[in-house]
Amino acid sequence: MGDYIGFFDSGLGGISILKEAVRILPHESFLYYGDNANAPYGVRSSDDITALTLSALRFLVSQGVKALVIACNTATATCINTIRSEFSLPVISVEPAVKPAALQPGNGKILMLATPITVKHDRYLSLQNRMPDPDRIINVSCPELVDRIEQGIFTENGYDDILDRCLFPWHNKTIDSIVLGCTHFMFIKQAIVRYAAMHFSGAATIYDSSKATALQLARVLQRHGISAPAEATGTVVFHTSGDISRLMPLFLKLLEQK
């Protein structure tokens, strides 16, 4: 067993969770794989997503990682059971933060923004149905956001056209919360906050799962007795199926983003 924790995402999005993991677990080392050449996953078939995910994870396992983090909501929804049946090492997955949003009182709606696969998959729908008031949660498919994020566009006004197409039906409605159900979306949080302030009433509090996933990783490492020693110096290594010369500066920028 190696010293690295393997992180997988369809592209850039998983770095939002990786950042939290680095902050919470500074002594750990991480090996990140972004399947940028095949992103976005959310518009692909379930078979394609499963095949691509397993191929990427086999690469990470071949590098001797000690645990796997599936930092992709679409891959988790589509094939987490298959992943856990294939790999014997600890696997940590991500799921949309609908529970903390749903537990907050309010009379408005909760918008859950995600990819088409995530919002219609049985795994996510089962999670939604376990919430106190499932009908309060409105699932919104926003596949175009991932495409633009993968291009490295992060300006606060750079997403208004896509958000209009996705969210126009709820303009001037009371929105209590917005759940970022795709790890990519965490990088445009300020663009979404800005848009919500212009078009919705209500608090429109943003929820994401990055911190919760990183804390779960910490618990799993401790439970399995595979945490890095306190004196270790953590590192991060990036791999991608895409153009590494173009993407490496972007990976590093996002990892360091406050």
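What this report covers is the structure whose coordinates are included nearby.

The rules behind the values
Residues numbered from 1 in each chain as written. Predicted model: local features only at pLDDT ≥ 70, side-chain atom pairs only at ≥ 80, totals over all residues. Heavy atoms only, no water. Patch = residues over 30% accessible without salt bridge, like charges linked within 9 Å, V, L, I, M, F, W, Y side chains within 5 Å. Areas by Shrake-Rupley, 256 points an atom, 1.4 Å probe, with all protein chains shown as cover. Salt bridge = Lys/Arg side-chain N within 4 Å of Asp/Glu carboxyl O. Lys, Arg positive; Asp, Glu negative; His and termini not counted. Charge placed at Lys NZ, Arg CZ, Asp CG, Glu CD. Helix = DSSP H or I, 4+ residues; strand = E, 2+ residues; numbered from the N terminus. Phe/Tyr/Trp six-rings, centres within 6.5 Å; stacked < 30°, edge-to-face > 60°. Lys NZ or Arg CZ within 6 Å of the ring centre and 35° of its normal. Buried < 20%, exposed > 50% of the residue type's maximum accessible area, 1.4 Å probe, protein only. Polar contact = N/O pair within 3.5 Å; in protein donor to acceptor, adjacent residues only side chain to side chain. Contact = heavy atoms within 4.5 Å.

What follows deals with a positive patch on the surface. A cluster of basic residues, R84, K99, R123 and R130, forms a positive patch on the protein surface. Along the chain, the position of R130 falls in the loop between α6 (122-129) and β6 (137-141).

Time to look at the packing of aromatic side chains. Summed over all chains, the structure comprises eight aromatic pairs. An angle of 75° between the planes, with centres 5.7 Å apart, marks the rings of F7 and F30 as edge-to-face. Of this pair, F7 sits in strand β1 (residues 4-9) while F30 sits in strand β2 (residues 29-34), and the two are 23 residues apart along the sequence. Through a chain of ring-to-ring contacts, three or more aromatic side chains come together here, namely Y32, F238 and F251. A cation sits over an aromatic face here: R148 above Y159, 5.8 Å from the ring centre.

Further remarks concern the side chain of S209. Note on placement: S209 falls in the loop between β8 (205-207) and α10 (210-223). By relative accessible area, S209 is classed as buried at 4%. Separated by 3.4 Å, the side chain of S209 and the backbone oxygen of E95 make a polar contact. Not counting residues up to four positions away in its chain, the partners in contact with S209 are V94, E95, A97 and M186.

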